[in-house]
Amino acid sequence: SLKLQCEEQSTLNSRFEQQLSDYQSNHASKDELIRVMNQRLSAVKFEKSQMIDPSRFASLETDNARLSSDNASLSSTCDRLKSEIRDYVSTMNRLRSESTSLNDSVRDLTFRNEQLSKELDHKSVEIGNLASQVSRQNDELSELADEKKKYHTLVTKLT
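What counts and how
Residues numbered from 1 in each chain as written. Predicted model: local features only at pLDDT ≥ 70, side-chain atom pairs only at ≥ 80, totals over all residues. Heavy atoms only, no water. Patch = residues over 30% accessible without salt bridge, like charges linked within 9 Å, V, L, I, M, F, W, Y side chains within 5 Å. Areas by Shrake-Rupley, 256 points an atom, 1.4 Å probe, with all protein chains shown as cover. Salt bridge = Lys/Arg side-chain N within 4 Å of Asp/Glu carboxyl O. Lys, Arg positive; Asp, Glu negative; His and termini not counted. Charge placed at Lys NZ, Arg CZ, Asp CG, Glu CD. Helix = DSSP H or I, 4+ residues; strand = E, 2+ residues; numbered from the N terminus. Buried < 20%, exposed > 50% of the residue type's maximum accessible area, 1.4 Å probe, protein only. Contact = heavy atoms within 4.5 Å. Expected span 1.5 Å × (residues − 1). Core = buried A, V, L, I, M, F, W, Y, C linked by side-chain atoms within 4.5 Å.

Participant: Can you help me understand a negative patch on the surface in this one?
Facilitator: Taken together, the side chains of Asp139, Glu140, Glu143, Asp146 and Glu147 define an acidic patch exposed on the protein surface. Tracing the backbone through its elements, the reader meets Asp146 in helix H2 (residues 54–158). Assessed through its relative accessible area of 42%, Asp146 is described here as partly exposed.

The following block contains the structure:
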């Protein structure tokens, strides 16, 4: 179960790293677009000073504002994803540590179980030997009881 959780966390981590890479790539593209748009804005301002159409200037200003807003949103998303990835990595490390600890516990319990199993086998042999001794002693006691009866019968007949 922990291994499955680790694998799921690893898959999520990989997916978030890919999303982060995509967002960073988009962010770089947007930065480049903003830079280009800023250059264009400067050129447009120059053109305006040379009698540029005011509606075209307004359109470029709107595009610049939209790209700036998109850049801020993308930065926020990137920061959030970085935080999530750090959380997932932390969780994976904790689960990996717990898994190692559980594996150590299982190994120790398996070793203890093997020791107890060997001890149980040894005790079973001892019990079997003792049972054989008790059985022999019971047979001997039975024989002695039979002899005692015979002796008691002889004594009774003699008296």
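Participant: Any chance you could explain the environment of Met37 here in plain terms?
Facilitator: Note that Met37 resides in helix H1 (residues 2–49). On the accessibility criterion, Met37 (16% relative accessible area) is buried. Each C-alpha atom of the pair Met37 and Ser10 lies 39 Å from the other, and the pair is 27 residues apart in sequence. Those residues in contact with Met37, other than ones at most four positions away along the chain, are Leu60, Asp63, Asn64 and Leu67.

Participant: I keep staring at H2 and nothing clicks. Help me out?
Facilitator: For H2, with 105 residues, the first-to-last C-alpha span of 150 Å sits near the 156 Å given by 1.5 Å per residue. Taken residue by residue, H2 has Phe57, Leu60, Asn64, Leu67, Asn71, Leu74, Thr77, Cys78, Leu81, Ile85, Met92 and Leu95 as its buried positions.

Participant: Which parts of the structure should I look at to understand the nonpolar core?
Facilitator: Buried together is how nonpolar side chains tend to be arranged in soluble globular proteins. With 7 residues, the main nonpolar core is built from Ile34, Met37, Leu41, Val44, Phe57, Leu60 and Leu67. Sorting the residues of this core by element identifies H1 and H2 as the ones contributing at least two each. Residue contributions to this core peak at 4 residues, all from H1. Counting residues in each nonpolar core, the second largest holds 5 residues, with Phe16, Leu20, Leu81 and Ile85 among its members.

What is shown is where atoms sit, not what they do.
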